[in-house]
Amino acid sequence: MSAPRLVATDLDGTLVRDDGSVSATTRAVLAALDEREVPVVIVTARPIRWMDDLWPIVGRHGLAIVSNGAAVVEVREDAAHTVRDVRGIEVEAGLALVDAIREAAPEAAFAVECVSGLVRDPAYVETESFPAGSPVGDLGELWAEPALKLLVKHDAPDPDDFRRRVAEAVGEQAVATWTVDGLVEISATGVTKATALARVAEELGVAPEDAVAFGDMPNDLPMLTWAGTSYAMANGHPDVREAADHVAPANDDDGVAQVLAGLFNL
């Protein structure tokens, strides 16, 4: 089999170790592929504000996908970046979704991730990852631009039931997915990691069958299905391991780098 012409990889639980680091081994493999002009496209649920330390690993192709596919970011060699191709939830439609979810899951708390930052209702408990001074209050007053993601949170004793109720309330009006218990991430209709990756791959002149993708959680499934070859991480969700073509070693064992070294004879 010929080597892939494009690599797509999730970050947390996949390329990034559990301590938040990208190992020297992984960085060396990414650099080697960049020298060979093989694009390695980051495709992550992370918001833009969580990417500052990771922009430098974006190769010379200069493209990264964030917020589960809601935005493509152009990254220059100096790690400066420009957000483009935003596919967000419009305010009116988003507020209707909030009402529908509140009816199905009254305990839910909400935050809205936009290009300009994050706003939240008072029930959405602030964490250290929130930007300083993030507005808090009635989303009907604070939400003023398309949302990359609508975040729905609750520390439910039965997270599967909470996800089910939220997903049923959303229906076909948007895309609901998750990476951790107690948090459902909602994107605009038609927005997934796969749809954004398909656009980027077309721009780079690469067909799906010439791509290899890596992921660990259910929000990675559309991307893994899109790619001609897919790898779930050994530490990944059981549904992802079952759906992927292959299983890579765990993220803490530099699984993505190990597989890529074999595929490209590094």
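Residues numbered from 1 in each chain as written. Predicted model: local features only at pLDDT ≥ 70, side-chain atom pairs only at ≥ 80, totals over all residues. Heavy atoms only, no water.

1. A look at helix 4 (residues 159-170)
Turn by turn, an α-helix covers 3.6 residues, leaving residues three or four places apart pointing in a common direction. For helix 4, with 12 residues, the first-to-last C-alpha span of 16 Å sits near the 16 Å given by 1.5 Å per residue. Buried within helix 4 are the following residues: Pro159, Phe162, Arg163, Arg165, Val166, Ala169 and Val170. Summarising the axial view, the buried residues of helix 4 lie within an arc of 165 degrees, below the 170-degree limit, and thus occupy one face. Facing away from the buried surface of helix 4 by more than 90 degrees, the exposed residues are Asp160 and Glu168. (Helix = DSSP H or I, 4+ residues; strand = E, 2+ residues; numbered from the N terminus. Expected span 1.5 Å × (residues − 1). Buried < 20%, exposed > 50% of the residue type's maximum accessible area, 1.4 Å probe, protein only. Arc of directions from axis to C-beta.)

2. Observations regarding the pattern of salt bridges
Tallied over the full model, the rule gives 20 salt bridges. Its salt-bridge partner being Glu74, residue Arg84 comes within 2.7 Å of it at the nearest N-O pair. Highlighted residues: Arg84 in strand 5 (residues 81-84) and Glu74 in strand 4 (residues 71-75), separated in sequence by 10 residues. The partly exposed category is assigned to Arg84, whose relative accessible area is 24%. For Glu74, a relative accessible area of 34% gives the class partly exposed. We note a salt bridge from Lys193 to Asp220, for which the minimum N-O separation is 2.5 Å. With a gap of 27 residues between them, Lys193 in helix 5 (residues 193-204) and Asp220 in the loop between strand 11 (211-215) and helix 6 (221-226) connect regions that are remote in the sequence. (Salt bridge = Lys/Arg side-chain N within 4 Å of Asp/Glu carboxyl O.)

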